[in-house]
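# Topology and contacts: notes
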Amino acid sequence: MRKRGIVAGGVGAVIVTAAALRGVVRRFEVKESSMAPAIESGDWIVARRRTGPVERGDIVVFPDPRSGGRQLVKRVIGLGGETIAIDAGRVVINGALLADRWAHGAAPPGGPWRVPDDHVFVLGDNRVASSSDGRTIGPVAVDDIPWRAVARYWPTSRVGTLR
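What this report covers is the structure whose coordinates are included nearby. Starting afresh in each chain, residues are numbered from 1 along the sequence in its written order. Where local features are concerned, this predicted model is filtered to residues with pLDDT of at least 70; where side-chain atom pairs are given and counted, the filter is 80 or more; whole-chain, interface and lining totals use all residues. Note: side-chain values were computed over all heavy atoms of the structure, leaving out hydrogens and water.

### Focus on the overall build of the protein
Applied cut-off: A helix here means a DSSP run of H or I that spans at least four residues, while a strand means a run of E at least two residues long, and both kinds are numbered starting from the N terminus. The classification of residues rests on relative accessible area computed with a 1.4 Å probe and restricted to protein chains. Under 20% of the type maximum is buried, over 50% is exposed, and intermediate values are partly exposed. The contact criterion used throughout is that any non-hydrogen atoms of two residues lie within 4.5 Å. Computed with the Shrake-Rupley method and a 1.4 Å probe, the accessible areas treat only the protein chains shown as cover for residues.
Across its full length, the protein carries 2 helices and 12 strands. Beginning at the N terminus, the succession of helices and strands in the protein can be written as α-β-β-β-β-β-β-β-β-β-α-β-β-β. Out of the 163 residues belonging to the protein, those deemed buried represent 41%. Considering only contacts in the protein between residues 6 or more positions apart, those separated by 24 or more positions represent 58%. Surface accessibility of the protein: about 8600 Å² in total, with carbon and sulfur atoms responsible for 55%.

Below you can see the structure in the form of structure tokens.
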């Protein structure tokens, strides 16, 4: 089993390197637990350049609007034209409870936040530990989201696709 992980890691590194040289993918080291358990602190993920629309449930990587070089990794929860609120720890979109299979822990109450067209509302999956998300930075312009996270390649025990 260990040999398989080493081989998978090596093959993954070659593929990521080749794609990165073409500017199609980029790798990111995750340094906080705001997306746990889907993505843990210490995980290395691969993101591909976003070319199409952003959909609810996508994990996106974008520059922190409050910090020059820092990148944020968050999940898209709300879409343009929607109103988002958090009530009793659950996400509510346009008055309806979101079937939120990604949430880990109850979110503190807040909102409502109106999401403008061509923007999205993002949250970390680990709602209690996620502080730099839509609740504090507001909706994010779709044009400001260059990357969509697609896979984790390190540690090898957690290699796999993300969704």
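### Looking at the pattern of salt bridges
Between side chains of opposite charge, a pair can form when the charged atoms approach closely. Heads up, the condition is: What counts as a salt bridge is simple: a side-chain nitrogen of Lys or Arg found within 4 Å of a carboxyl oxygen of Asp or Glu.
Per the counting criterion, the structure on display carries 11 salt bridges. One salt bridge in this structure joins Glu82 and Arg56, with 2.8 Å as the shortest N-O distance. Remark: Arg56 occurs in the loop between strand E2 (44-49) and strand E3 (59-63) and Glu82 occurs in the loop between strand E4 (71-79) and strand E5 (83-87); sequence separation between them is 26 residues. Since its relative accessible area comes to 11%, Glu82 is described here as buried. Its relative accessible area of 24% is what places Arg56 among the partly exposed residues.

### Considerations on the packing of aromatic side chains
For the record, the criterion: The aromatic pairing rule takes the rings of Phe, Tyr and Trp, using the six-membered ring of Trp, and pairs them if the centres are within 6.5 Å, calling planes under 30 degrees apart stacked, those over 60 edge-to-face and the rest tilted.
Under the definition given, this model contains 3 aromatic pairs. Judged by centre distance (6.3 Å) and plane angle (70°), the rings of Phe28 and Trp147 are edge-to-face. With Phe28 in strand E1 (residues 25-29) and Trp147 in strand E11 (residues 147-154), this residue pair connects regions lying 119 residues apart in the sequence. Where Trp113 meets Phe121, the ring centres are 5.1 Å apart and the plane angle is 35°; that geometry is what we call tilted. Take Trp113 and Phe121: they sit in the same class, and that class is buried.

### A word on the side chain of Lys74
Definition in use: Residues adjacent in sequence count toward polar contacts only when both atoms are side-chain atoms; beyond that, a polar contact is any pair of N or O atoms within 3.5 Å, and within protein one must be able to donate a hydrogen and the other to accept it.
Locating Lys74 in the fold gives a position in strand E4. With relative accessibility at 0%, the residue Lys74 sits in the buried group. Engagement of the side chain of Lys74 in a polar contact is seen with the side chain of Ser34, the distance being 2.9 Å.

### Some thoughts on the sheet that holds strand E7 (residues 96-97)
To be explicit about the condition: The rule for pairing is simple: two strands pair if DSSP sees at least two bridges between them.
Spatially, the 4 strands line up as an open sheet ordered E7-E6-E5-E8, and their pairing is antiparallel. With partners counted over all chains shown, the strands left at the sheet margins are E7 and strand E8 (110-114), one partner each. Both strand E6 (residues 90-93) and E7 contribute to a ladder of 2 bridges, which runs antiparallel. Looking across to E7, one finds that Ile93 is bridged to Ala96.

### Remarks on a negative patch on the surface
How we decide: Here the term patch refers to residues with relative accessible area over 30% and no salt bridge, with like charges joined within 9 Å and nonpolar side chains (Val, Leu, Ile, Met, Phe, Trp, Tyr) within 5 Å. The sign given to each residue is positive for Lys and Arg and negative for Asp and Glu; His and the chain ends receive no count. For charged residues, the charge sits on one atom: NZ in Lys, CZ in Arg, CG in Asp, CD in Glu.
A cluster of acidic side chains, namely Asp117, Asp118, Asp143 and Asp144, defines a negative patch on the protein surface. Assignment of secondary structure puts Asp143 in the loop between strand E10 (140-141) and E11. A residue is classified by how much of its surface remains accessible, and Asp143, at 72% relative accessible area, is exposed.

### Quick word on the pairing of E3
Burial within E3 is extensive, with 4 of its 5 residues counted as buried. The sheet contact formed by E3 and E11 spans 2 bridges and is antiparallel. Bridge pairing in E11 places Val61 opposite Trp147.

### Let's talk about the side chain of Asp43
Within the secondary structure, Asp43 sits in the loop between E1 and E2. Separated by 3.2 Å, the side chains of Asp43 and Arg152 make a polar contact. Here the side chain of Asp43 touches Arg158 through a polar contact of 2.9 Å, side chain to side chain. Among all residues touching Asp43, those that are not within four sequence positions of it are Phe28, Glu29, Val30, Ala38, Arg152, Trp154, Pro155 and Arg158.

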